[in-house]
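Structure at a glance
Take a look at the letters that make up each chain.
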Amino acid sequence: VDAAASNSEDDSKLYLGQIRQQSHAFGRYQLLVKLLKSDYDAYVKTAEFLSPSRIPRGELPNVQDVVYVPFTATADEEDATEATVNGYVASVTGEDGQPLVADCTLEELTYNDSPLDKLLLSIFRNLVTTHTGGVTSDIPGIKGLLAQGRQYMTMELPEGVTYEDHTKAQHTMVKNTLGGLMTPVLPPFYRIFMSGIVPKLGTDYDGKQIGPWFYAPWLTSMVTPTFFGFLVGPSKPNRRSDGQRGGLIVEKCKFLQESGCKGLCLHQCKLPAQEFFKEELGLSLTVKPNFVTQECQWSFGEEPVDVVEDESFPKGCLVGCDSRKIMAGRKST
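Along every chain, residues carry numbers that run from 1 in the direction the sequence is written. Side-chain atom pairs in this predicted model are given and counted only at pLDDT of 80 or more, local residue features only at pLDDT of at least 70, and totals for whole chains, interfaces and linings cover all residues. By convention in this description, side-chain values take in all heavy atoms of the structure and omit both hydrogens and water.

Below, the discussion takes up the overall build of the chain. Each helix corresponds to a stretch of at least 4 residues labelled H or I by DSSP, and each strand to a stretch of at least 2 residues labelled E; elements are numbered beginning at the N terminus. From N to C terminus, the chain includes eleven helices and six strands. Burial classes: relative accessible area under 20% of the type maximum marks a residue as buried, over 50% as exposed, and values in between as partly exposed (1.4 Å probe, protein chains only). Per-residue burial over the chain gives 42% buried out of 333 residues. A total of about 18200 Å² of accessible surface is found on the chain, and carbon and sulfur atoms cover 57% of it. Here the open area of atoms and residues is found with the Shrake-Rupley method and a 1.4 Å probe, where only the protein chains shown may cover a residue.

This next bit is on the pattern of salt bridges. Any carboxyl oxygen of Asp or Glu within 4 Å of a side-chain nitrogen of Lys or Arg constitutes a salt bridge here. In the structure shown here, the tally under the stated rule is nine salt bridges. The salt bridge involving aspartate 113 is made with lysine 254; its shortest N-O contact spans 2.9 Å. Linking aspartate 113 in the loop between strand E2 (99-101) and helix H4 (115-131) with lysine 254 in helix H9 (residues 254-259), this pair joins segments that are 141 residues apart in sequence. In this structure, glutamate 258 and lysine 143 form a salt bridge, with 3.8 Å as the shortest nitrogen-oxygen distance. Here the residue glutamate 258 occupies a position in helix H9, and lysine 143 occupies one in helix H5 (residues 141-153), the gap between them amounting to 115 residues. Among the ionic contacts, a cluster of salt bridges with common partners joins Lys175, Glu275 and Glu279.

Right, let's talk about H5 for a bit. Since one α-helical turn is 3.6 residues long, residues separated by three or four positions face the same way. Any helix carries an expected span of 1.5 Å times its number of residues minus one. Across its 13 residues, H5 extends 19 Å between first and last C-alpha, which sits within 8% of the 18 Å expected from 1.5 Å per residue. Buried residues of H5: Ile142, Gly144, Leu145, Leu146, Gln148, Gly149, Arg150, Tyr152 and Met153, and no others. Where H5 is buried, its residues touch H4, helix H6 (163-182), helix H8 (216-232), H9, helix H10 (262-281) and helix H11 (323-327). Whether two residues touch is decided by their heavy atoms; if any such pair falls within 4.5 Å, the residues are in contact.

Within the open sheet, the four strands sit side by side as E3-E4-E6-E5. Their pairing is antiparallel. The open sheet has two free edges, formed respectively by strand E3 (235-239) and strand E5 (285-289), since each of these has just one partner strand. Pairs of neighbouring strands in the sheet enclose a mean axial angle of 25 degrees, with direction left out of account. What makes two strands pair is DSSP finding at least two bridges between them. Direction of pairing for E5 relative to strand E6 (residues 296-300): antiparallel, over a ladder of five bridges. Its bridge partner lying in E6, lysine 288 is registered against glutamine 297. Axis geometry follows a simple rule: fit a line to the C-alpha atoms, using only the stretch in contact for helices, then measure angles between N-to-C directions, giving values from 0 to 180 degrees.

This part takes up the nonpolar core. By convention a nonpolar core is built from buried Ala, Val, Leu, Ile, Met, Phe, Trp, Tyr and Cys residues, the set being connected through side-chain atoms within 4.5 Å. Counting 50 residues, the largest nonpolar core has Phe124, Phe230 and Trp298 as the members making the most contacts within it. Among the elements that make up this core, the one with the highest residue count is H10 (nine residues). Once residues within four sequence positions are removed from consideration, phenylalanine 124 is found in contact with Leu145, Thr177, Leu178, Leu181, Phe230 and Leu231.

Further remarks concern the environment of serine 284. Looking at where serine 284 falls in the secondary structure, it is placed in the loop between H10 and E5. For serine 284, a relative accessible area of 8% translates into the label buried. With ten residues separating them along the chain, serine 284 and glutamine 274 place their C-alpha atoms 7.0 Å apart. Definition of a polar contact: a pair of N or O atoms within 3.5 Å, with one able to donate and the other able to accept a hydrogen when the atoms are protein atoms, and with sequence-neighbouring residues admitted only if both atoms are side-chain atoms. Here lysine 278 takes part through its side chain, which lies 3.3 Å from a polar atom of the side chain of serine 284.

The next thing to look at is empty space enclosed by the protein. Cavities and pockets were defined on a 1 Å grid built from protein atoms only: a cavity is a group of points that admits a 1.4 Å probe but offers it no way out, a pocket is an open group of points flanked by protein on both sides within 12 Å along at least five of seven lines, and a lining residue is one with an atom within 4 Å of any such point. Grid points are joined across faces, edges and corners, and a volume is the space filled by probe spheres set on the points. Scanning the model with the defined rule gives three cavities of 30 Å³ or more in all. Contributions of two or more residues to the lining of the largest cavity are made by H4, H5, H6, H8 and H10. Element by element, the count of residues in the lining of the largest cavity is highest for H10, at five residues. Gly falls in the polar group here, along with every residue not listed as nonpolar (Ala, Val, Leu, Ile, Met, Phe, Trp, Tyr, Cys, Pro) or charged (Asp, Glu, Lys, Arg). Looking at the lining of the largest cavity, its residues break down into 16 nonpolar, three polar and no charged.

Let us now look at the packing of aromatic side chains. Here is the rule: rings of Phe, Tyr and Trp (six-membered ring for Trp) pair when centre to centre is within 6.5 Å. Planes less than 30 degrees apart are stacked, more than 60 are edge-to-face, and the remainder are tilted. Using the criterion set out here, one finds ten aromatic pairs in the structure. Ring geometry for tyrosine 190 and phenylalanine 277: centres 6.5 Å apart, planes at 85 degrees, overall edge-to-face. One end of the pair, tyrosine 190, is in helix H7 (residues 186-193); the other, phenylalanine 277, is in helix H10, with 87 residues separating them in the sequence. Assigned by exposure class, tyrosine 190 and phenylalanine 277 land together as buried. In textbook terms, an aromatic cluster arises when at least three aromatic residues are bridged by ring pairs, as seen for Tyr190, Phe228, Phe276, Phe277, Trp298 and Phe300. Note on geometry: a ring has a charge over it if NZ (lysine) or CZ (arginine) is within 6 Å of the ring centre and within 35 degrees of the ring normal. Across from the ring centre of phenylalanine 49, 3.9 Å away, lies the NZ or CZ of arginine 54, which sits over that ring.

Right, let's talk about the packing of H5 against H10 for a bit. A pair of packed helices can be characterised by two numbers: the angle between their axes and the separation between those axes. It is at 11 Å that the axes of H5 and H10 come closest, and there the two elements cross at 90 degrees. Accordingly, the angle class assigned to the pair H5 and H10 is roughly perpendicular. Facing Leu146, Gly149, Arg150 and Met153 of H5, the residues of H10 in contact are Gly263, Leu264 and Gln268. Here the residues of the contact of H5 with H10 are counted per class, giving three nonpolar, three polar and one charged. Orientation labels follow simple angle bins: below 35 degrees gives roughly parallel, above 145 gives roughly antiparallel, 65 to 115 gives roughly perpendicular, and whatever is left gives oblique.

With that settled, the discussion passes to the pairing of E3. Note on strand geometry: in a regular strand, side chains alternate between the two faces of the sheet. Pairing of E3 with strand E4 (residues 245-250), which is carried by five bridges, proceeds in the antiparallel orientation. Bridged to proline 237 within E4 is leucine 248. If you look at the hairpin formed by E3 and E4, you'll find five residues sitting between the two strands, and glycine 243 has a positive phi there, around 90 degrees.

Below is the structure:
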């Protein structure tokens, strides 16, 4: 009896300890959100002080500009981090003379695709084949999709077609593929009930946008992980850089990890996704990949900065990119 009572008491203490720990984590999170809303630079410095040595990176409300230094980093590794300012590798240039961007050195994530992920990927790959004029690959899974994308990106251009023309064609291909994946039903539904675009009813307000509705960014960030996991891997809602709801953090992007190519990331994910949400769905979107950690921040309802003007987006290729030599001599991605 005494032993049973002692075990019960220990269980109660353990439970109360867990409750206190969760309460502290919740309170800390709310304080960080408050700081994020009021002073972004101060938030970034505070987040870098706290993580990863004091709290896990995943407990931060936003990580897009928070520099990652491993908790177990040696002095040499910390020096190496400082030497890759803005992601560039000191004194390393590509075939076109531009500085190269450091590859991610973190352990690769193993992705466990659900039956839904496999189904959506199969549909997506068939749509890519259709919208690229027949580009396909026998390689299974996400690597096969990326092989299709790389083949299309690096293809020999017909006479009279410029690299700029082909870049736009890549964006159009991805937008058409996303539209096909959503079917003809979902985009009109989203435009009305999320973006507040008046449907064609024969009135003077047809096509006018009175939204997006206040809940659109947040609700989109809640739904997206289920249906985009086949492309990007695990993700979860977080806060945008302004502290508001509507953010989504991709833990370690499947598309980026498996491709190791910044050109594919930029022209077959980031830019066309931003354009698709704005043009087809009526909601602004900012996609910010982190090439050091392969995280990716999606911020629904946030206007994106032009990639040419975005100082946080490095301009050179990744060191280990397989596309770089194929693309040598062409305009840099």
